[in-house]
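Summary of structural features
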Amino acid sequence: MRIDIISCLPKLLHSPFEHSIMKRAQEKGLAEVVIHDLRDYSADKHQRIDDYQFGGGAGMVMSIEPIDRCISSLQSQRKYDAILYMTPDGVPFDQTKANSFSLLENIIILCGHYKGVDERVREHFITHEISIGDYVISGGELAASVVADAIIRLIPNVLNDETSALTDSFQDNLLAPPVYTRPSEYKGWKVPEVLLSGHQQKIDEWREEMALKRTEKRRSDLLNR
Ligand code: ADE
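A short tour of the structure in this document, coming up.

So, how was this worked out
Residues numbered from 1 in each chain as written. Predicted model: local features only at pLDDT ≥ 70, side-chain atom pairs only at ≥ 80, totals over all residues. Heavy atoms only, no water. Helix = DSSP H or I, 4+ residues; strand = E, 2+ residues; numbered from the N terminus. Buried < 20%, exposed > 50% of the residue type's maximum accessible area, 1.4 Å probe, protein only. Contact = heavy atoms within 4.5 Å. Areas by Shrake-Rupley, 256 points an atom, 1.4 Å probe, with all protein chains shown as cover. Lys, Arg positive; Asp, Glu negative; His and termini not counted. Charge placed at Lys NZ, Arg CZ, Asp CG, Glu CD. Patch = residues over 30% accessible without salt bridge, like charges linked within 9 Å, V, L, I, M, F, W, Y side chains within 5 Å. Salt bridge = Lys/Arg side-chain N within 4 Å of Asp/Glu carboxyl O.

On to the overall build of the protein chain. The helix and strand inventory of the protein chain stands at nine helices and nine strands. Dimensions along the principal axes, computed over C-alpha positions, put the protein chain at roughly 70 × 40 × 35 Å. For the protein chain, the proportion of its 225 residues judged to be buried stands at 39%. Residue pairs at least 24 apart in sequence account for 74% of intrachain contacts in the protein chain once pairs closer than 6 positions are excluded. Accessible area for the protein chain stands at about 13500 Å²; split by element, carbon and sulfur atoms hold 51% of it. Within the protein chain, the 34 negative side-chain charges are centred at a point lying 5 Å from the centre of the 27 positive side-chain charges.

What follows is the structure, given as structure tokens:
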């Protein structure tokens, strides 16, 4: 899978893909993340990519032309299955969306900034408007990193132990159960006996029960989906 990320602050995007699972996914050739500096596509001699909004009001708007040039240049090289735009007024991102995006071959993610992009970009180029939650962050870069990470880790063979993606929180609309490691007792705080019992069926049942209890307590909305 190839993910092209378009940004006016590309430096913000490098680190998340240079470590750990994201790095290994690229080294194994399972994912390719290509970051594009929107300013490289500006026709303006000062490399401007934004302008004042029509009708007045505070805040700049990202112009359509550099975005069109960048997306069109990418589309002339390969076919894209989806063009995502990161924005707080988008559709909430969740594990179901991560699963379906992970099946695609090529996607573009456009990072919003300032007051956002000229609406015509959304109308004519974007296939999915995505929010990572009901709060506003300073730009789409961190949101794009979250979405790309969630997608890439679901690509088959990215995780060494395939089952570990399947037992993640949300994968079955349940939160993950608690986990423990050595020591089995610390400052008098003990690990639940069943996990030390060696009885796999009982351990599985306990984990299922804890996942359910945790979900009922914290996220009962998930149980009604
Ligand atoms: N840009 C700023 N806030 C955002 C959010 N919550 N989701 C996606 N992109 C954003």
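What follows picks up the thread again.
Another aspect to go through is unusual backbone geometry. The step from Arg-182 to Pro-183 runs through a cis peptide bond, and the omega angle for that step is 0°. Mapped onto the elements, Pro-183 comes out in the loop between helix H7 (163–166) and strand E8 (185–186). With phi around 60°, Gln-47 is a residue other than glycine that occupies positive phi space. As for its placement among the helices and strands, Gln-47 is situated in the loop between strand E2 (32–37) and strand E3 (50–52). Among the residues examined, Gln-47 registers a relative accessible area of 35% and is labelled partly exposed.

Let us look at a negative patch on the surface. Among the surface-exposed residues, Asp-172, Asp-204, Glu-205 and Glu-208 lie close enough to one another that they form a single negatively charged patch. For Asp-172, the location among the structural elements is in the loop between H7 and E8.

All quantities given are derived from atomic positions and should not be read as evidence of function.
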